Amino acid sequence: MTGTTGQSVDGDSDASAGGGPGAGPDGDRKFEDLMAELEQVTETLAGGDLGIEAAADLYERAQHLHALATERLAQVQQRIERLSKSEG
């Protein structure tokens with residue numbers, strides 16, 4: 001089953017597929033892409049037109065996207081810090 005974002009909402013993929021938040025194809029996505037999907041998922045949840053199972057699946061997806069975005073942001077921040085140190 002897929003949600004309005006086109007992503008699987010049946011809980012069979014993503015973080016449960018193995019590894020941490022960065023595992024799988026989502027781990028290679030840009031921060032902006034992750035945030036855009038997270039916004040779509042949040043809007044869908046806020047719409048309230050979902051059954052309880054679909055809402056729970058989307059909530060789980062939102063948690064996964066949040067973890068990925070947080071991880072990606074930390075990676076970029078570390079990269080900027082390394083670049084700043086190498087200039088000085």
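As shown above, the structure is provided for reference.
Everything numeric here is computed off the predicted structure, so don't read it as measured data.

### Let's talk about the pattern of salt bridges
Oppositely charged side chains can pair when the atoms bearing their charge come close.
Point 1. Applying the stated rule across the entire model yields two salt bridges.
Point 2. For E37, the salt bridge goes to R61, with nearest N and O atoms at 3.0 Å. Within this pair, whereas E37 is found in helix 1 (residues 31-47), its partner R61 is found in helix 2 (residues 52-87), the two being separated by 24 residues in sequence. Each member of the pair, E37 as well as R61, carries the same accessibility label: buried.
Point 3. Beyond isolated ion pairs, a larger network of salt bridges with shared partners links R29, E37 and R61.

Criteria and thresholds
- Residues numbered from 1 in each chain as written.
- Predicted model: local features only at pLDDT ≥ 70, side-chain atom pairs only at ≥ 80, totals over all residues.
- Heavy atoms only, no water.
- Salt bridge = Lys/Arg side-chain N within 4 Å of Asp/Glu carboxyl O.
- Helix = DSSP H or I, 4+ residues; strand = E, 2+ residues; numbered from the N terminus.
- Buried < 20%, exposed > 50% of the residue type's maximum accessible area, 1.4 Å probe, protein only.

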